[in-house]
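Coordinates in review
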Amino acid sequence: MSTTGDTATEMRSFQIEIPQEQIDDLRRRIAATRWPTKELVEDRSQGVELATLRELARFWTTEYDWRTCEARLNALPQFTTEIDGADIHFIHVRSRHENALPLIMTHGWPGSVVEFLETVGPLTDPTSHGGTPEDAFHLVLPSLPGYGFSGEPAVLGWNAGRVARAWAELMHRLGYMRYVAQGGDVGAAVTDAMGRQAPEGLLGIHMNLLVTVLAGPPSAESEEERAAMAQLATFRESGFGYFLEMATRPQTIGYALLDSPVALAAWLLDHDTDSYNKISRAFVGEPVLNLTQDSIVDAEPAGNLTRENIVDNITLYWLTGTGASAARSYWEDGLALAQARASGQAPPAVSLPVGFTTFPGEIWRTPRSWVENSYPNVTYFNEVDKGGHFAAWEEPELFSAEVRAAFSSLR
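Everything numeric in this text was worked out from a predicted model, so none of it was measured. (Residues numbered from 1 in each chain as written. Predicted model: local features only at pLDDT ≥ 70, side-chain atom pairs only at ≥ 80, totals over all residues. Heavy atoms only, no water.)

**Some words on the overall build of the protein chain**
Selection criterion: By definition, any uninterrupted DSSP run of H or I lasting at least four residues is a helix, any uninterrupted run of E lasting at least two residues is a strand, and each is numbered from the N terminus. For the radius of gyration, the atom set is restricted to C-alpha positions; the globular benchmark scales as 2.2 Å times the number of residues to the power 0.38. Three labels apply to residues, based on accessible area from a 1.4 Å probe with only protein chains included: buried if under 20% of the type maximum, exposed if over 50%, partly exposed otherwise in between. Throughout, a contact is declared for two residues whenever any of their heavy atoms are within 4.5 Å. Charge counting treats Lys and Arg as positive and Asp and Glu as negative, with His and both chain ends excluded. Each charge is placed at NZ for Lys, CZ for Arg, CG for Asp and CD for Glu.
Regarding its fold elements, the protein chain presents 16 helices and twelve strands. Here the C-alpha atoms of the protein chain give a radius of gyration of 20 Å, agreeing with the 22 Å that 2.2 N^0.38 yields for 411 residues. On the principal axes, the C-alpha backbone points of the protein chain span a range of 55 × 55 × 50 Å. Across the 411 residues in the protein chain, those meeting the buried criterion constitute 56%. When contacts within the protein chain are restricted to residue pairs at least 6 apart in sequence, long-range pairs at least 24 apart make up 74% of them. Charge-centre separation for the protein chain: the mean point of 31 positive side chains lies 2 Å from the mean point of 54 negative side chains.

**As for the confidence of the model for the protein chain**
Our working definition: Every residue carries a pLDDT, the predictor's confidence in it, which falls somewhere between 0 and 100.
Here the protein chain averages 92 in pLDDT, while 94% of its residues score no lower than 70. Counted against residues more than four places away or in other chains, residues 287-299, with its pLDDT under 50, gives 29 contacts.

**Regarding the side chain of Asp 312**
Formally: Take a side-chain nitrogen of Lys or Arg and a carboxyl oxygen of Asp or Glu: if they are within 4 Å of each other, that pair is a salt bridge.
Secondary-structure assignment places Asp 312 in helix 12 (residues 307-320). Arg 72 provides the closest opposite charge to the buried, unpaired Asp 312, separated from it by 4.7 Å. Once you skip the residues sitting within four places of it in the chain, Asp 312 turns out to touch Tyr 64, Trp 66, Cys 69 and Val 114.

**Let's talk about the environment of Leu 337**
Along the chain, the position of Leu 337 falls in helix 13 (residues 323-343). Each C-alpha atom of the pair Leu 337 and Ala 215 lies 7.4 Å from the other, and the pair is 122 residues apart in sequence. Those residues in contact with Leu 337 that sit more than four places away from it in its chain are Leu 214 and Ala 215.

**Observations concerning the packing of aromatic side chains**
As a reminder, the rule being used: Two aromatic rings from Phe, Tyr or Trp, using only the six-membered ring of Trp, form a pair when their centres are within 6.5 Å; if the ring planes differ by under 30 degrees the pair is stacked, by over 60 it is edge-to-face, and anything between is tilted. Throughout this description, the term charge over a ring refers to an Arg CZ or Lys NZ atom that lies within 6 Å of the ring centre and within 35 degrees of the ring normal.
Considering all chains together, one arrives at 17 aromatic pairs under this definition. Where Phe 59 meets Phe 283, the ring centres are 6.3 Å apart and the plane angle is 65°; that geometry is what we call edge-to-face. Taken together, the residues span a long stretch of sequence, with Phe 59 in helix 2 (residues 50-62) and Phe 283 in helix 11 (residues 273-284) at a distance of 224 residues. On the basis of relative accessible area, Phe 283 is assigned to the buried category, the value being 6%. Taken together, the ring pairs connect Trp 109, Phe 235, Phe 240, Tyr 242, Phe 243, Tyr 330 and Trp 364 into an aromatic cluster. The cationic tip of Arg 307 hangs over the ring face of Phe 59; the distance from NZ or CZ to the ring centre is 5.2 Å. Against the face of Phe 137 rests Arg 411, its NZ or CZ located 4.4 Å from the ring centre.

**Concerning the nonpolar core**
For clarity, the cut-off: We define a nonpolar core as any set of buried Ala, Val, Leu, Ile, Met, Phe, Trp, Tyr and Cys residues linked to one another through side-chain atoms lying within 4.5 Å.
In this structure, Trp 66 and Trp 109 are the most contacted members of the largest nonpolar core, which totals 119 residues. Sort the elements by how many residues they give to this core and helix 5 (residues 160-173) lands first, with eight residues. Beyond its immediate stretch of four places on either side in the chain, Trp 66 contacts Ile 16, Ile 18, Ile 23, Leu 73, Asp 312, Thr 315, Leu 316 and Leu 319.

**Quick notes on helix 7 (residues 223-238)**
Put simply, the test is: Helix span, expected: 1.5 Å multiplied by one less than the number of residues in the helix. Note: the arc covers the axis-to-C-beta directions of the helix.
Spanning 16 residues, helix 7 covers 23 Å between terminal C-alpha atoms, matching the ideal 22 Å at 1.5 Å per step. Residues Glu 225, Ala 228, Gln 231, Leu 232 and Phe 235 constitute the buried set of helix 7. Each buried residue of helix 7 lies within a common arc of 125° when the element is viewed along its axis, so the set occupies one face. Along helix 7, the residues that are exposed and aim more than 90 degrees away from the buried face are Glu 223, Glu 237 and Ser 238. On the buried face of helix 7, the contacting elements are helix 8 (241-248) and helix 14 (368-374).

**Quick look at the environment of Ala 227**
Looking at the element boundaries, Ala 227 is found in helix 7. Note: C-alpha distance between Ala 227 and Trp 364 (137 residues apart in sequence) is 8.7 Å.

**So, the packing of helix 1 (residues 20-31) against helix 2**
Packed helices, taken two at a time, are described by the angle their axes make and the gap between the axes. Under the convention used in this document: Under this scheme, a helix contributes an axis fitted over its contacting stretch, all axes are lines through C-alpha atoms, and angles between N-to-C directions fall in the 0 to 180 degree range. Here is the rule for angles: anything less than 35 degrees is roughly parallel, anything more than 145 is roughly antiparallel, 65 through 115 is roughly perpendicular, and the remaining ranges are oblique. Rotating anticlockwise by less than a right angle from the far helix to the near helix defines a left-handed crossing, while the corresponding clockwise rotation defines a right-handed one. Note on residue categories: nonpolar means Ala, Val, Leu, Ile, Met, Phe, Trp, Tyr, Cys or Pro, charged means Asp, Glu, Lys or Arg, and polar means any other residue, Gly included.
The contact between helix 1 and helix 2 brings their axes to 10 Å, and the two run at 150°. The orientation of helix 1 with respect to helix 2, classified from their angle, is roughly antiparallel. By crossing handedness, the relation of helix 1 to helix 2 is classed as left-handed. Along its contact with helix 1, which presents Leu 26, Arg 27 and Ile 30, the element helix 2 presents Ala 57, Trp 60 and Thr 61. The residue makeup of the contact of helix 1 with helix 2, split by class, is four nonpolar, one polar and one charged.

Written out as structure tokens, the structure is:
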């Protein structure tokens, strides 16, 4: 990787330059994988299925070309800047439309800025994607500290709240006096924190995951709420393993994530059932049971979750060596949540306008009542008919339309 610039607070131009020997080493390590025997069940209840990972590894070593992803990223304006002692990487695409609204979007785990690449066009150039000039955004896509091309924090304390303060500083350095923020997964926690901190210039926030339910049980009075509570319970009972490991022992799992690319791939794939099934279909092409919704899903790639895009994201984690440092963000947020509970003090309320979109394949299908219980000023809420946990990655056009709609009243 290369940068140019002199001072810590300067925006330094950034280009990705992965040495070929790193790519060759990646292929050698995949070829040397010691494989387990096949799982003893016919679904993912024992973890990532052998057939899926075998095909992913075959594709990774024989057909996949990292240079294509590298070129896509390098075609966008990328920068780094030091904030609060951490080197932050970000993509910054200014719209050609004069009155575009600045927007900072935050990815989550196991994602990266790769999730957002297909949204850059619709958000910054809406007239080429069925929108109008009034729909345009100036787009800022930072990599979370310890993820991707951002630096790894060398000190404790980089939880979602600290990242939120860093993002406010980033937008200030970019000269944006009025802006909005969006996030899902870990990015939703960062965006929620931005809303509670209410930095000068932040007009409103939009999220597609309700992170407040992790702090305490929501209501379950209506049929819709009970259905969402059942989904949340299923996740906590059978899909929470990665969360607990990273929130309590990120260093332990980090050894495997930095030593074996296949172990890294398995760890990144084993998230929620809906996204796992969609990703698995991109490789094995067979109908699988959606355990969350108890139905058979079609054997076709889901939206933009192609095998190339999936492996782009995994390769980014491998080449940047961020498996362990990304996992530590869960430890940091878990510690911050425990400290907040021990203090007995409720977090500040969000008084800014809040938008929320429920995607049907999300870990739990959030009812409007839960959103309104968490945020007193919900100005936009919508339930769409497709998409899941990786909404921007899976359905970039639909996701972009939701972002436009959520912030239309704040322009």
